[in-house]
Each structure stands twice: as structure tokens, then as C-alpha cells.
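# Inside the fold
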Amino acid sequence: MTQRAFVAVAVTLLLVCPARALGQSATPPVSVGGLLRAGVRAVPEGADATDGFGIFDARVRFKGKIGIVFDYYLQTLYNPDSRAFELLDAEATLSLLPQVEISFGMGRPPFGYEALQSKGSLSYLERSQAVTAIAPGRQIGMQGEMDMFDGRVTVGAGLFNGNGRAIENDGNNYLFASRVQYNSIGTIAFYDDFVIQVGGSFGYSSDTEAPLGRGIVTGDPAAVPRITTAFAGKRLLWGADFQLSYRTWTLTAEYLRGDYDLAHSGRNPGSRDTEAHGGYAELGYRAWGVLEGIVRYDGFHPALGSGRTFLVFGANVYPGYYAKLGLQYATALRDSPDSETLADGQFFFVAQVDF
């Protein structure tokens, strides 16, 4: 069986048998889930992307228990370039108390609001420009999380290698990341009341060869100082976010900033401090739990290059518990250049199954 045929069979089985547990016992040791997002992309002539049909995401997830002590979570991602699955998440979680957990392995650090949302729960196909560029991606390390005041306050902090999913450490340097979040009603299933949620995030890292997010640099690649995907220097990251919800209406906003000090890197002549910053504001309305309309202002100023601001319009239909159909259109403001994820006149149609 070829790799393409294997992928087709695996995806079909996941669609036909969503979230089926393996085993015969009442509490099976393993449960299986997945995410498939496919559709059509249309971009204007000259954009750094191609038109046509494509698979945007294909993931398989496993979770369960190891004895009575640890919970584990594994997620694999299909890479169309290598035509193979690669490991995306691998975490073991220990519950010290009902409100305190410690996790080890590879996963997302506690930083940002949208960065911590699963791909299947995003309003649009991709996260905002600032989140994609500034928030640290998946890391290997350990983190702890604590809930207080009946779930109204959540605090998380962790220590990580700082160089992404690579197993080796980045020159014996580490990334520290933390987040605190307040929700006015705590963790409940349905938001029928007026809900206020605010959060703040902080991160710091000293790096010798750390990968940075997509879109952190634009413009002339020969510019000095130069920030590359193998960043050497110090990073100070912070952000703030809030969300207001009332029944069918939701307003969400987030601002992130990254300060990059290249003065400690001998590979960057003429070094100086530079920064990247940006954020988004999104208004959404969902009717009858089935139809959703959203509009987002997405602005970002990279460390090098011109600022980029877009309006992104979207409409989603939820025909079933696991399914979503979405339309997305982006238009540039103030003659903004294209970004890593957005282009003027860009259109997407996305069909999603997430379970």
C-alpha cells in the first residue's frame, strides 16, 4: 500500500468511526480523535500562494491513562511535503490535586489566548498574524497549571528548551513562559450570562539558535541587524487579551509584543534592539448555534519591514456536532503587503471534521 493510499484509508476510517475507543472495557485505555480540514483556496495573481483544492490539516490524536497516575496525549500531523506523519504533541500529565496539574513532554507553552486554542476551534483557517509570528510554538519541557476560585482564575507557568520541537537544548538556554487568566463565571458548559474574560502572558528566552514564528521578518533579507529563523539573542515576549460574551455575541481582542535584543549575538553585526508587535479584534455572532458570522481586524508590524493590516470576513455553518463549513475573505488596508497567512483578495472555502 502506498503512502497516499495509507493516508486515504486512515482518514476515511477516522471519518467513519469518530472518537471510537480502543478495547472492550467500560473505561478503555485509549481514545482516538482527529482533525481534517480541506477545501479551496483562491488568491490574487502575484500572491505567494497557489490556487486550487488542498488539504490544510490532517491530524490524528490519541489520549488515555497510564495506570492510575498519568494521563497522556499524543497528536500526529500529516506533512504533505514529506508525505509522512510527524509527531506534533506528546504530553504526560500528573494531577497532584484536583486543581493542580503538571505536564511533561512536547506541547504548547502557556502563552497567549488564541495560541492555546486548538486548530479545529479557530474562527478562521489560520491564527492571527501576531499570534503566528510572536507566540512561541510547540516546545519540549514541563509546565504546571492551577485553577483557583471555582475555575475563575487559571495560572500556568513552564520551562522549555526554547528551540521548538527539537530534542536537543538550545545552548543550555531555556524559555520561560507563563499565563494568568480570569473568567467572571468560571468553567461552565454554556454562557447564558454576560461573561468577561481577561488574560496576560509573559515569556523570556536567551537563545543561540532558536526558530521564530512565521512572518516575524519582512523586507530585505540582507538588512542589518538581521533576525533569521535561527535567532541568536534575547527575547522578551508579553501579551494581553480580553473577551466579552453575551449569548450569541462575542467580542475578542488580543495584543502581543516581542522585543528582540541581538546585542548578545556575534553573528549579527551592528546589533541593536528591535521589536515586533500587533494584534486583532474580532466580533462574532452565532444564530441558533448553527450559523456564525465573524469580522476581524488583523494588524501586525514585523521586526523588519512594513506593517500589515487586514480586514477578514468569515461565515461558518455547523451542520453537525463534529462538522463545520466555512468561508473566509481578506482585504488589505492602507496598501499593506501580503503576509505569511493573508493576502489582499484571498478567499477560502473550508470543510472541517473535528472529533
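Residues numbered from 1 in each chain as written. Predicted model: local features only at pLDDT ≥ 70, side-chain atom pairs only at ≥ 80, totals over all residues. Heavy atoms only, no water.

## Concerning the environment of L342
Here L342 is to be found in the loop between β16 (323-333) and β17 (347-354). Every residue in contact with L342, bar those within four places of it in the chain, is listed here: Q129, D298, F310, V312, Q328 and A330. (Helix = DSSP H or I, 4+ residues; strand = E, 2+ residues; numbered from the N terminus. Contact = heavy atoms within 4.5 Å.)

## Here's the deal with the nonpolar core
In this structure, I134, I216, I227, Y260, A276 and F300 are the most contacted members of the largest nonpolar core, which totals 20 residues. Secondary structure elements with two or more residues in this core: α2 (129-134), β11 (231-246), β12 (249-261) and β13 (273-287). If one sorts the elements of this core by residue count, α2 sits on top with 4 residues. With residues near it in sequence (within four places) discarded, I227 still touches L212, V217, Y260, L262, T274, A303 and L304. F310, A330, A332 and L342 belong to the second-largest nonpolar core, a separate cluster that totals 7 residues. (Core = buried A, V, L, I, M, F, W, Y, C linked by side-chain atoms within 4.5 Å. Buried < 20%, exposed > 50% of the residue type's maximum accessible area, 1.4 Å probe, protein only.)

## A look at the environment of R257
The residue R257 is located in strand β12 in this model. In this structure the C-alpha to C-alpha distance between R257 and F300, which are 43 residues apart in sequence, comes to 9.7 Å. In contact with R257, other than residues within four places in its own chain, are I134, L236, L237, W238, E275, A276 and H277. Among the polar contacts made by the side chain of R257, one reaches the side chain of D259 at a distance of 3.1 Å. (Polar contact = N/O pair within 3.5 Å; in protein donor to acceptor, adjacent residues only side chain to side chain.)

## Overview of the pattern of salt bridges
Two side chains of opposite charge can pair, provided their charged atoms sit close to one another. According to the stated counting rule, one finds 16 salt bridges in the structure shown. For D241, the salt bridge goes to R179, with nearest N and O atoms at 2.8 Å. One end of the pair, D241, is in strand β11; the other, R179, is in strand β9 (residues 175-183), and 62 residues separate them in sequence. Here D241 and R179 have matching classes, each one buried. Through salt bridges with shared partners, one network takes in R37, D57, R59, K119 and E126. (Salt bridge = Lys/Arg side-chain N within 4 Å of Asp/Glu carboxyl O.)

## Details of the pairing of β11
Of the strand pairs in this sheet, strand β10 (residues 194-210) and β11 are connected by 15 bridges, and their pairing is antiparallel. Each residue of the ladder has a partner; that of G200, found in β11, is A240. When β11 meets β12, the two strands line up antiparallel, connected through 13 bridges. In the strand pairing of β12, D241 is matched with E254. (Pairing = 2+ DSSP bridges.)

## Some remarks on empty space enclosed by the protein
For the coordinates displayed, the defined rule picks out 4 cavities of 30 Å³ or more. Volume-wise, the largest cavity comes out at about 120 Å³. For the largest cavity, the lining is made up of 15 residues, of which S123, Y124, L125, N316 and V350 are closest to its centre. Breaking the lining of the largest cavity down by element, the ones donating at least two residues are β15 (308-317), β16 and β17. With 4 residues, the top contributor of residues to the lining of the largest cavity is β16. Counted by class, the lining of the largest cavity contains 7 nonpolar, 6 polar and 2 charged residues. (1 Å grid on protein atoms, 1.4 Å probe; cavity = no way out; pocket = protein on both sides within 12 Å on 5 of 7 lines; lining within 4 Å. Points joined across faces, edges and corners; volume = space filled by probe spheres on them. Nonpolar A, V, L, I, M, F, W, Y, C, P; charged D, E, K, R; others polar.)

## Focus on the pairing of strand β7 (residues 139-148)
Inspection of the sheet shows strand β6 (residues 100-107) paired to β7 by 8 bridges, in the antiparallel sense. The residue of β7 that forms the bridge with G105 is G141. Across 8 bridges, the pairing between β7 and strand β8 (residues 153-160) is antiparallel. In the sheet register, D147 faces β8, and the bridge partner there is T154. Where β7 folds back onto β8 in an antiparallel hairpin, the turn is made up of 4 residues, including F149, whose phi is positive at roughly 55°.

## A word on the packing of aromatic side chains
For the coordinates displayed, the defined rule picks out 8 aromatic pairs. Taking 6.0 Å as the distance between ring centres and 80° as the angle between the ring planes, the aromatic pair formed by Y322 and F355 counts as edge-to-face. Here Y322 is found in the loop between β15 and β16, whereas its partner F355 is found in the segment after β17, with 33 residues between them in sequence. On the accessibility criterion, Y322 (36% relative accessible area) is partly exposed. Here the aromatic cluster, defined as three or more aromatic residues joined through ring pairs, consists of Y321, Y322 and F355. Taking NZ or CZ as reference, R296 lies 4.3 Å from the ring centre of Y280, over its face. (Phe/Tyr/Trp six-rings, centres within 6.5 Å; stacked < 30°, edge-to-face > 60°. Lys NZ or Arg CZ within 6 Å of the ring centre and 35° of its normal.)

Read these as spatial facts, not as claims about activity.
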